[in-house]
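# Secondary and tertiary structure notes
Listed below are the residues making up each chain.
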Amino acid sequence: LIPYLVAQGYKVIAASRTEPSFQDPNIVPVRLPDLSAPVDWQPFLRQCDAVVHLAGIAHQFAPDDLYDRVNHRATAALAEAAFRCGTRHLVFVSSIAAQSGSSSDHELTEDEPPRPNNAYGRSKLAAEKAVRAAGVPFTILRPVVIYGEGAKGNFATVFKISRLPIPLPLGTLTARRSVLSILNFNSAVGTALSNSSARGETFIISDPAPVTVADLIKRHRASLGRSSWLLPIPERWLELSLKAVGQRAVWERLGRPLVAYPSKFLAIGWKPSE
């Protein structure tokens, strides 16, 4: 995201617990403290007009209280400090997990009541409420699972195994899943920052066309110059096998549908590139 924003003409203060190293004079790296403890946000906020808040715990086991402290309370403190400092715009990157569990039998929209089903989703939803209550101009983005270089979670595993020169028993997976490329995520943040119609709103962010896991593997293997090599193992066999070895959550993310179109965001002028 940082190189993308610089290419769009922004000067970026890149704040992270691991201080990033950039040679571009338009990128100023600063080190953040541990967000599980109280943070004095004002020294950071005095230097900027807008904030994109990405930091949080994800893709790991952690106690519910730690999720709440890092994802919810640190965000609430940031939003309140942004209001006091007169920050012009806070873009909070939430998650589709604030709205739904890892699968859904119907298309998700921003209008339906949120129903998170784990500590991560609950902490993100609580953070959204805190952002709305703080008084700072805001935009909330709910991205679906992100894929591409550096991606994490189950799709990182999918891409890792798709690089193996072996057949995979995933050829019959038919569940459609909304996904989001890193490129489109970056442009969504850019739209949120630059489009006044995004202010005060919450948006689902996804690539316009849902895919299946088999589609993603075919696409990735094609980019490596390989055939798809997917075996048509009955879907039910794969489901039972994963559940038998205690991987029900993996099945929910790979074999069950979750479609969330970005219709509302497209309506304000977002133009995804793929």
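Here's a quick rundown of the structure. (Residues numbered from 1 in each chain as written. Predicted model: local features only at pLDDT ≥ 70, side-chain atom pairs only at ≥ 80, totals over all residues. Heavy atoms only, no water.)

Considering soluble globular proteins, one finds that nonpolar side chains tend to be buried as a cluster. The biggest cluster of nonpolar side chains holds 28 residues, and the ones touching the most others in it are W41, L45, L90 and V131. Of all the secondary structure elements, the ones that give two or more residues to this core are α2 (42-45), α3 (64-85), β4 (89-93), α4 (119-134) and β5 (138-143). With seven residues, the single largest contributor to this core is α3. For V131, the residues in contact, after removing those within four places along its chain, are T75, A79, L90, F92, V136, F138 and I140. By size, the runner-up hydrophobic cluster in this structure holds 25 residues, among which are V12, A192, L193 and F265. (Core = buried A, V, L, I, M, F, W, Y, C linked by side-chain atoms within 4.5 Å. Buried < 20%, exposed > 50% of the residue type's maximum accessible area, 1.4 Å probe, protein only. Helix = DSSP H or I, 4+ residues; strand = E, 2+ residues; numbered from the N terminus. Contact = heavy atoms within 4.5 Å.)

Here the focus is the sheet that holds strand β8 (residues 201-205). Strand pairs in the sheet, formed through backbone hydrogen bonds, run parallel or antiparallel to each other. If you trace the four strands from one edge of the open sheet to the other, you get β3-β4-β5-β8, paired in parallel fashion. Sheet topology places β3 (50-53) and β8 at the edges, where each strand pairs with a single neighbour. Put simply, the sheet's adjacent strands are angled 15° from each other on average, direction ignored. Bridge count for β5 against β8 is five bridges, and the pairing is parallel. (Pairing = 2+ DSSP bridges. Axes fitted to C-alpha atoms, helices over the stretch in contact; angles between N-to-C directions.)

Our focus in this paragraph is the pattern of salt bridges. Think of it this way: side chains of opposite charge can pair up when their charged atoms draw near. Taken as a whole, this structure holds seven salt bridges when the rule is applied. A salt bridge links R142 to E128; the shortest N-O distance between them is 2.7 Å. With R142 in strand β5 and E128 in helix α4, this pair connects stretches of sequence that are 14 residues apart. As far as burial versus exposure is concerned, R142 and E128 are alike and both buried. Taking the shortest distance from any N to any O, the salt bridge between E201 and K264 comes out at 3.0 Å. Taken together, the positions of E201 in strand β8 and K264 in helix α10 (residues 263-267) put the pair 63 residues apart, joining distant regions of the chain. For K264, a relative accessible area of 29% puts it in the partly exposed group. Taken together, the shared-partner salt bridges connect D65, D68, R69 and R73 into one network. (Salt bridge = Lys/Arg side-chain N within 4 Å of Asp/Glu carboxyl O.)

Take the packing of aromatic side chains next. According to the stated counting rule, one finds four aromatic pairs in the structure shown. Centre to centre, the rings of Y67 and Y120 are 6.2 Å apart; their planes meet at 65°, and the pair counts as edge-to-face. Within this pair, whereas Y67 is found in helix α3, its partner Y120 is found in helix α4, the two being separated by 53 residues in sequence. For the pair Y67 and Y120, one class covers both residues: buried. Among the aromatic residues, those joined into a ring-pair cluster are F203, F265 and W270. When the ring centre of F203 is taken as reference, the NZ or CZ atom of K264 above it lies at 5.1 Å. (Phe/Tyr/Trp six-rings, centres within 6.5 Å; stacked < 30°, edge-to-face > 60°. Lys NZ or Arg CZ within 6 Å of the ring centre and 35° of its normal.)

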